[in-house]
Amino acid sequence: MSEQPLNPSPAGTPDDAAAGTAPAAPGPSAPGPTGSTAADALPLPAGPAPDAAPGALSDEDAAARRAASFERARRLRQEPRFPGGPAADPAGSHHERRIRSFQPRRSRVTTGQQESLERLWPQWGLDIDGKRVLDLAELFGGLPVVLEIGFGMGEATAQMAADDPGTGILAVDVHTPGQGNLLGLAEKAGSTNVRVANGDAVILLREMLAPESLDGLRVYFPDPWPKARHHKRRLIQPDFLDLVAPVLRPGAIVHCATDWEPYAEQMLEVLTAHPRFENTAADGGYAPRPAFRPLTRFEGQGLDKGHVVHDLLFARV
């Protein structure tokens, strides 16, 4: 859930780049024996000839320098930040020119979060690379599995996992500090029913989940993209629901929550119109907050500001 700066789940057009959906700037790379990174070893063309005007570069040299700089940045983006941890660009081979509903970004990772990533990621983490179909029964020991898209710093996800150890939670986000924080919280609570997935939820839904393999979907406080020109980036759209429906078992619940009134209205409209989902609220409107969804710090801040939180619960038919 987006308990963090605006983020959604999941680069191409000039508008995408302006909105921050292009790959995020890399973190520091591990130094080699001489203190330089692999990317630093890329050769740069020589400067102008001695008799050239000071600062002048031929068109060919300038183009070569730009190409070398681009290649260095590309390699850095692909370098993992932590040994054995989440990949910097897990689905690089699936890079698509489509509008994203999230903004990949790299924030400061605390020592504790880094330690959790390096130690627990090999056991409880996975990269969304689009290269395989996940065996959820094996991954979660036969538990029914709910997919959560966007968990922020993971406090609510960790609490739900601890309160309901009989349900597996496949939690997806691109926020590295949150990934490390959730892993640490789950371990501290003794919860073994959480798996953290790194990358684009659209690729996960489209390519890595078997039909009718999920028992639910949770999308709590996704980025509302409040500006009208950015509404196309909102996650809950008809095309997204078309991807969700086949991987949910009949009767599985899609549970959304938002404190942004216009987005709540759009969610209700889109879910109501989709033929594969049916509102569980008798009046066809919003549902009361279920007891299992914790009241989060982010939600509390919104309530303090006078925001109204809406829950929507729709069953897959």
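All of these numbers come straight from a predicted model, not from anything done at the bench.

1. A word on the overall build of the chain
Stage number 1. Secondary structure assignment for the chain yields 10 helices and 8 strands.
Stage number 2. Buried positions account for 50% of the 317 residues belonging to the chain.

2. Looking at the packing of helix H3 (residues 111-124) against helix H6 (residues 176-189)
Stage number 1. Two elements in contact, H3 and H6, have axes separated by 8 Å at closest approach and are oriented at 75°. When the interaxial angle is binned, H3 and H6 end up roughly perpendicular. For the pair H3 and H6, contact is made by Gln113, Ser116, Leu117, Arg119, Leu120, Trp121 and Trp124 and by Thr176, Pro177, Gln179, Gly180, Asn181, Leu183, Gly184, Ala186 and Glu187, respectively.
Stage number 2. Grouping the amino acids of the contact of H3 with H6 by side-chain chemistry returns 7 nonpolar, 7 polar and 2 charged.

3. Digging into the pattern of salt bridges
A pair can form between side chains of opposite charge whenever their charged atoms are brought close.
Stage number 1. Tallied over the full model, the rule gives 8 salt bridges.
Stage number 2. Its salt-bridge partner being glutamate 115, residue arginine 119 comes within 2.4 Å of it at the nearest N-O pair. Of this pair, arginine 119 and glutamate 115 both sit in helix H3, 4 residues apart, which is roughly one turn of that helix.
Stage number 3. The class for glutamate 115 is partly exposed, based on a relative accessible area of 37%.
Stage number 4. The salt bridge involving arginine 119 is made with glutamate 187; its shortest N-O contact spans 2.6 Å. Here the residue arginine 119 occupies a position in helix H3, and glutamate 187 occupies one in helix H6, the gap between them amounting to 68 residues.
Stage number 5. Among the residues examined, glutamate 187 registers a relative accessible area of 33% and is labelled partly exposed.

Cut-offs applied
Residues numbered from 1 in each chain as written. Predicted model: local features only at pLDDT ≥ 70, side-chain atom pairs only at ≥ 80, totals over all residues. Heavy atoms only, no water. Helix = DSSP H or I, 4+ residues; strand = E, 2+ residues; numbered from the N terminus. Buried < 20%, exposed > 50% of the residue type's maximum accessible area, 1.4 Å probe, protein only. Axes fitted to C-alpha atoms, helices over the stretch in contact; angles between N-to-C directions. Parallel < 35°, antiparallel > 145°, perpendicular 65-115°, else oblique. Contact = heavy atoms within 4.5 Å. Nonpolar A, V, L, I, M, F, W, Y, C, P; charged D, E, K, R; others polar. Salt bridge = Lys/Arg side-chain N within 4 Å of Asp/Glu carboxyl O.

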